[in-house]
Amino acid sequence: MTLATLADVLQPALKQGYAVAGLVTLGWEDMRAYVAAAEAEGVPVILQAGPSCREHTPLTVLGKMFRHLAEDASVPVVAHLDHGYTLDDCREAIDSGFTSVMFDGSRKPIDANIAETRTIADLAHAAGVSCEGEIGFVGYSGGEGSSGTDPEDAARFATETGVDAMAISVGNVHLQQDKEGGLDIPRIRAIEAVTNVPLVIHGGSGVPVEQRRSLAQGSNICKFNIGTELRMAFGHVLREAVNRDPARFDRVSILKETHDPVVDAARRVLRAFKGE
């Protein structure tokens, strides 16, 4: 078994100058393709179960799916809860076999965010599980606006919570379908100057690939979350498969056609995060 915690894969990334992809999953077809892509590239991968995934499939089932894939994988696989909003969310994930939980208290006042994140980090660590927290708020394309991470707040958050990884808001936006934006490098450098915790970029699909590559190799950003980009690739190939033969109705035969193209799309994502 190559099941790993978030700390297991991010600490080497921090020391050696690369990043690990947190790939947002929605079901068996994409998570299986992501592990195959990671094996082909020889890199670790973080399988992430976010809120929409959890609405579709119970955490208890997702934990078993992630762990099953990790059992036969030739690379480290992290079973990660993405955007857990409550203590109960995180506790259920830990009880379901997840090796990492992300508590999102970013909408809360900083004192509440720190206190709740600390409680969950302690709970996770007692169970041998990693914890990611978020300081500053990462907004949504066409929705809630972002609130950038203040470096002084980040320093306090990292010290007082004991998290293994810290998500920051530095120009990144969730659900962005293009790569026309870019991250705020001076803000990243200011945060790095006062913290030594591995940093995380949510909304990585909107970050230009060359900037992903340069930051993976030349900053403390050790984890990029990628969801929208791969969902778009999956949706495109699924639509082609359905439209190719309108009389076909067997979803297993249709979904099989998504595997190789999604593996290829995921491999392109993973390559940008490798060290030199």
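Here goes a summary of the coordinates provided. (Residues numbered from 1 in each chain as written. Predicted model: local features only at pLDDT ≥ 70, side-chain atom pairs only at ≥ 80, totals over all residues. Heavy atoms only, no water.)

Considerations on unusual backbone geometry
Next, step 1: If you check the backbone angles, His-83 has positive phi at about 55° while not being a glycine.
Next, step 2: The exposure class of His-83 is buried, given its relative accessible area of 5%. (Buried < 20%, exposed > 50% of the residue type's maximum accessible area, 1.4 Å probe, protein only.)

Concerning helix 9 (residues 209-218)
Next, step 1: Residues Gln-211, Arg-212, Leu-215 and Ala-216 constitute the buried set of helix 9. Angularly, the buried residues of helix 9 cover 130° about the axis, an arc narrow enough to put them on a single face.
Next, step 2: Of the surrounding secondary structure, the elements contacted by the buried residues of helix 9 are helix 8 (185-194), strand 9 (221-226), helix 10 (228-244) and helix 12 (259-271). (Helix = DSSP H or I, 4+ residues; strand = E, 2+ residues; numbered from the N terminus. Arc of directions from axis to C-beta. Contact = heavy atoms within 4.5 Å.)

Quick notes on the packing of helix 2 (residues 28-41) against helix 4 (residues 59-72)
Next, step 1: Where helix 2 meets helix 4, the axes come as close as 11 Å, and the angle between the chain directions of the two elements is 25°. Here helix 2 is positioned roughly parallel relative to helix 4, judged by the angle of their axes. The two elements helix 2 and helix 4 meet at a crossing, and its hand is right-handed. Contacts between helix 2 and helix 4 involve Trp-28, Met-31, Arg-32, Val-35 and Glu-39 from the first element and Leu-62, Met-65, Phe-66, His-68, Leu-69 and Asp-72 from the second. (Axes fitted to C-alpha atoms, helices over the stretch in contact; angles between N-to-C directions. Parallel < 35°, antiparallel > 145°, perpendicular 65-115°, else oblique. Left-handed = near helix turned anticlockwise from the far one by under 90°.)

Examining the pairing of strand 9
Next, step 1: Counting buried positions along strand 9 gives six out of six residues, so the element sits mostly inside the fold.
Next, step 2: Summarising the sheet, strand 2 (residues 20-25) and strand 9 pair through four bridges and their orientation is parallel. Looking across to strand 9, one finds that Ala-21 is bridged to Phe-224.
Next, step 3: When strand 8 (residues 199-201) meets strand 9, the two strands line up parallel, connected through three bridges. By the bridge assignment, Ile-201 is partnered in strand 9 with Phe-224.
Next, step 4: Between strand 8 and its parallel partner strand 9, the chain crosses via helix 9, and the hand of that crossover is right-handed. (Pairing = 2+ DSSP bridges. Right-handed = clockwise from strand over helix to strand, strands pointing away.)

Quick word on the pairing of strand 5 (residues 100-103)
Next, step 1: The alternating pattern of strand 5 places Ser-100 and Met-102 on one face and Val-101 and Phe-103 on the opposite face, and all of these are buried.
Next, step 2: Note that strand 4 (residues 77-84) and strand 5 share three bridges and pair parallel. Within strand 5, the position partnered with Leu-81 by the bridge is Val-101.
Next, step 3: Taken together, strand 4, helix 5 (residues 87-95) and strand 5 form a β-α-β motif whose crossover is right-handed.
Next, step 4: Sheet topology places strand 5 next to strand 6 (residues 130-135); four bridges connect them, and they run parallel. Looking across to strand 6, one finds that Ser-100 is bridged to Ser-130.

A few points about the layout of surface pockets
Next, step 1: Of the voids in this model, the second largest pocket is the one considered here, and its volume is about 270 Å³.
Next, step 2: Taken together, 17 residues form the lining of the second largest pocket, with Leu-26, Gly-27, Glu-29, Asp-30 and Phe-234 sitting closest to its centre.
Next, step 3: Looking at the lining of the second largest pocket, the elements that each hand over two or more residues are helix 2, helix 3 (51-56), helix 4 and helix 10.
Next, step 4: By residue number, the principal contributor to the lining of the second largest pocket is helix 2, which donates five residues.
Next, step 5: A per-class count over the lining of the second largest pocket returns nine nonpolar, five polar and three charged. (1 Å grid on protein atoms, 1.4 Å probe; cavity = no way out; pocket = protein on both sides within 12 Å on 5 of 7 lines; lining within 4 Å. Points joined across faces, edges and corners; volume = space filled by probe spheres on them. Nonpolar A, V, L, I, M, F, W, Y, C, P; charged D, E, K, R; others polar.)

Description of the side chain of Thr-149
Next, step 1: Take Thr-149: it is sitting in the loop between strand 6 and helix 7 (151-161).
Next, step 2: In this structure the side chain of Thr-149 is engaged in a polar contact, spanning 2.6 Å, whose partner is the backbone oxygen of Ile-135.
Next, step 3: Beyond its immediate stretch of four places on either side in the chain, Thr-149 contacts Ile-135, Gly-136, Ala-154, Ile-168, Ser-169, Arg-187 and Ile-191. (Polar contact = N/O pair within 3.5 Å; in protein donor to acceptor, adjacent residues only side chain to side chain.)

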